Amino acid sequence: MSQEVRGVVALSKGAPVSIETIIIPDPGPGEAVVVIQACGVCHTDLHYREGGINDEFPFLLGHEAAGLVESVGEGVTNVAPGDYVILNWRAVCGNCRACKRGQPQYCFDTHNAGQKMTLADGTELSPALGIGAFCDKTLVHSGQCTKVDPKAPATAAGLLGCGVMAGIGAAINTGQVTRGQSVAVFGCGGVGDAAIVGAKLAGASTIIAVDIDDRKLDWAKGFGATHVCNSRNTDPVAFIQTVTDGNGADVCIEAIGHPEVYKQCFEARDLAGTVVLVGVPNPEMTIELPFIEVFGRGGALKSSWYGDCLPERDFPMLIDLYLQGRLDLDGFVSEEIGLDDVETAFHKMENGEVLRSVVVL
């Protein structure tokens, strides 16, 4: 029997979000209903509200979440009612060409729930990243549920569902940072600071944080940056060279999604170094690079999708590190809010006032 719950919906492009009654159907084959305990306010949700992802309004927002499985549909074996899970948007199919060549972190046909959640009038909703977790409960594919240790609070655990995993994975999985390397992170919001955490976990000896906001640079130092550069008044390329013996960084991570910042990353890396793009550009953005420099500098230019993570591998491992006191997920939580506060949280995020506002249900 279907259920009525509250959810945060973007009804039209650019309009303030609203609290609406959401109809959640019983889970069908391969599906699960999850009671949401906490969900982070991620910039991707704002992209949806602004029409920057697609125009399939109305959107049920929220995706960076943890909670309890309430019920499952026919054929579900990976989770059961009562399981504590982090939701993910990479439920690998196992059958696409990426999966078959042994690269499921690039799965090109990830699973989502087959049924639609709706508004009370029957209007079908598009859940953000196939999840829709600014909601008392949501319907997902069971593969989007990753079991983790329930001792980790949902306010911290849920952050691995998107931004923190994207940043940590950009350093460890995509950038393949190793012991003793130098890493420069451009943009010190939630994803950038998570990349700093990932670089520290991987054993980087020099971690350079670059931003135009001294407050964010202070946050970056708290997460492990060994050097900081305010690029509003200091040339970051020259600064990075001065702290890397004139060579440049082994790995440069761009966590903003801006062409000019990407160029700085490109110029700030050492020969045969790596640039990792984890910031999401706007669709109309373009970039021009000296072609001879693309060849002459060598190395690799990579994009990091969801930190190239495998949720069933990475989420439990990172939760274990959190419970051991080796990963400060709590440090990303700037405030706890209610569903009614999501619109205000968007403005705080745009103004750089918070790393993460987390909706607690």
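Within every chain, residues take consecutive numbers counted from 1 along the sequence as written. It should be noted that, the model being predicted, local features are given only for residues of pLDDT at least 70 and side-chain atom pairs only at 80 or more, the latter also being counted only at that level, while totals for whole chains, interfaces and linings use all residues. To get the side-chain values, all heavy atoms of the structure are used, and hydrogens and water are removed first.

Undergrad: Looking at this structure, how should I read the packing of aromatic side chains?
TA: By convention here, two paired aromatic rings are described through the distance between centres and the angle between planes. Note on aromatic pairs: the rings of Phe, Tyr and Trp (six-membered ring only in Trp) are paired at centre separations within 6.5 Å, and the planes decide the class, stacked below 30 degrees, edge-to-face beyond 60, tilted for the rest. The tally for this structure, following the rule as stated, stands at 5 aromatic pairs. Relative to Phe59, the ring of Phe57 has its centre 4.6 Å away and its plane inclined at 65°; by these criteria the two rings are edge-to-face. Relative accessibility under 20% of the residue-type maximum defines a buried residue, over 50% an exposed one, and the middle range a partly exposed one, all with a 1.4 Å probe and only protein chains included. Accessibility expressed as a relative area gives 23% for Phe57, which makes it partly exposed. Where Trp89 meets Tyr306, the ring centres are 3.9 Å apart and the plane angle is 5°; that geometry is what we call stacked. Taken together, the residues Trp89 in the loop between strand 6 (84–87) and helix 2 (97–100) and Tyr306 in the loop between strand 16 (300–303) and helix 10 (311–323) connect sequence positions 217 residues apart. Secondary structure follows DSSP: runs of H or I at least 4 residues long count as helices, runs of E at least 2 residues long count as strands, and numbering of each begins at the N terminus.

Undergrad: Sorry, what's going on with the environment of Glu336 here?
TA: As for its placement among the helices and strands, Glu336 is situated in strand 17 (residues 333–337). Glu336 sits 21 residues away from Ser357 along the chain, and the two C-alpha atoms are 5.9 Å apart. In this analysis, two residues are considered to be in contact whenever any of their non-hydrogen atoms come within 4.5 Å of each other. Excluding its chain neighbours within four sequence positions, the residues that come into contact with Glu336 are Thr155, Val358 and Val360.

Undergrad: Can you help me understand the pattern of salt bridges in this one?
TA: Side chains bearing opposite charge may pair, as long as their charged atoms lie close to each other. When a carboxyl oxygen of Asp or Glu lies within 4 Å of a side-chain nitrogen of Lys or Arg, that pair is called a salt bridge. Counting across every chain of the model gives 12 salt bridges. Across the salt bridge formed by Glu50 and Arg49, the nearest N and O atoms sit 2.5 Å from each other. According to the relative accessible area criterion, Arg49 is buried, its value standing at 6%. Between Glu293 and Arg297 there is a salt bridge, and its shortest N-O distance comes to 3.2 Å.

Undergrad: When you look at unusual backbone geometry in this model, what are you seeing that I'm missing?
TA: Peptide bonds are trans in most cases, and residues, glycine excluded, mostly fall at negative phi. Residue Pro58 is reached from Phe57 by a cis peptide bond, and omega for that bond is -5°. Here Pro58 is to be found in the loop between helix 1 (43–49) and strand 4 (59–60). A positive phi is found at Gln176, a non-glycine position, where the angle reads about 50°. Looking at the secondary structure, you find Gln176 in the loop between helix 4 (163–174) and strand 11 (182–186).

Undergrad: Can you help me understand the nonpolar core in this one?
TA: Put simply, buried Ala, Val, Leu, Ile, Met, Phe, Trp, Tyr and Cys residues joined by side-chain atoms within 4.5 Å make one nonpolar core. Residues Ile196 and Ile253 are the most contacted members of the largest nonpolar core, which totals 51 residues. When sequence neighbours within four positions are dropped, the list of residues in contact with Ile196 reads Val185, Cys188, Ile207, Ala209, Ala220, Phe223, Gly224 and Ala225. Counting 32 residues, the second-largest nonpolar core is a separate cluster that includes Cys39, Leu46, Ala133 and Cys145.

Undergrad: Mind showing me how you'd approach the packing of helix 4 against helix 5 (residues 190–202) here?
TA: Geometrically, a packed helix pair is captured by the angle between its two axes and the distance between the axes. All axes here are fitted lines through C-alpha atoms, helices being fitted over the stretch that makes contact, and every angle between N-to-C directions spans 0 to 180 degrees. Helix 5 packs onto helix 4 with a crossing angle of 45° between their chain directions and a minimal axis gap of 7 Å. Here helix 5 runs oblique to helix 4, going by the angle between their axes. Relative to helix 5, the crossing made by helix 4 is right-handed. For the pair helix 4 and helix 5, the contacting residues are Gly163, Val164, Ala166, Gly167, Ile168, Ala171 and Ile172 in the first and Val191, Ala194, Ala195, Val197, Gly198, Ala199, Leu201 and Ala202 in the second. Among the residues forming the contact of helix 4 with helix 5, the class breakdown is 12 nonpolar, 3 polar and no charged. Orientation labels follow simple angle bins: below 35 degrees gives roughly parallel, above 145 gives roughly antiparallel, 65 to 115 gives roughly perpendicular, and whatever is left gives oblique. Handedness of a crossing is defined here by the sense of rotation of the near helix relative to the far one, left-handed for an anticlockwise turn of less than a right angle and right-handed for a clockwise turn. Nonpolar residues are Ala, Val, Leu, Ile, Met, Phe, Trp, Tyr, Cys and Pro. Charged residues are Asp, Glu, Lys and Arg, and all others, Gly as well, are polar.

Undergrad: Can you help me understand the side chain of Thr274 in this one?
TA: Note that Thr274 resides in strand 15 (residues 269–277). Residue Thr274 is classed as buried on the basis of its relative accessible area, which comes to 13%.

Undergrad: Explain the pairing of strand 18 (residues 356–360) here, please?
TA: In the case of a regular strand, side chains alternate between the two sheet surfaces. Counting buried positions over the 5 residues of strand 18 gives 4, a clear majority of the element. Pairs of strands are assigned from DSSP output, requiring at least two bridges between the strands. Sheet analysis places strand 3 (residues 31–40) next to strand 18, joined by 3 bridges and oriented antiparallel. Bridged to Cys39 within strand 18 is Val359.

Undergrad: Can you help me understand the confidence of the model for the protein in this one?
TA: Where the model shows low pLDDT, its predicted coordinates should not be examined in detail. The pLDDT value tells you how sure the predictor is about a given residue, anywhere from 0 up to 100. The predicted model of the protein averages 97 in pLDDT, with 100% of residues at 70 or higher. Mean pLDDT values for the elements of the protein range from 94 in helix 1 up to 99 in strand 11.

Undergrad: I'm lost on the environment of Gly28 in this one. Help?
TA: As for its placement among the helices and strands, Gly28 is situated in the loop between strand 2 (18–24) and strand 3. Judged by its relative accessible area of 11%, Gly28 is buried. Linking Gly28 and Gly73, residues 45 residues apart in sequence, is a C-alpha distance of 4.6 Å. With sequence-adjacent residues up to four places away left out, Gly28 is seen in contact with Gly73, Glu74 and Gln115.

Undergrad: Help me out: how do you make sense of the environment of Asn230 in this one?
TA: Relative to the assigned elements, Asn230 resides in strand 13 (residues 227–230). It is 7.6 Å that separates the C-alpha atoms of Asn230 and Leu217, two residues lying 13 residues apart in sequence. Within 3.5 Å is the distance limit for a polar contact, defined as a pair of N or O atoms, with the added protein rule that one can donate a hydrogen and the other accept it, and that residues adjacent in sequence qualify only through two side-chain atoms. A distance of 3.0 Å separates a polar atom in the side chain of Asn230 from a polar atom in the side chain of Asp214.

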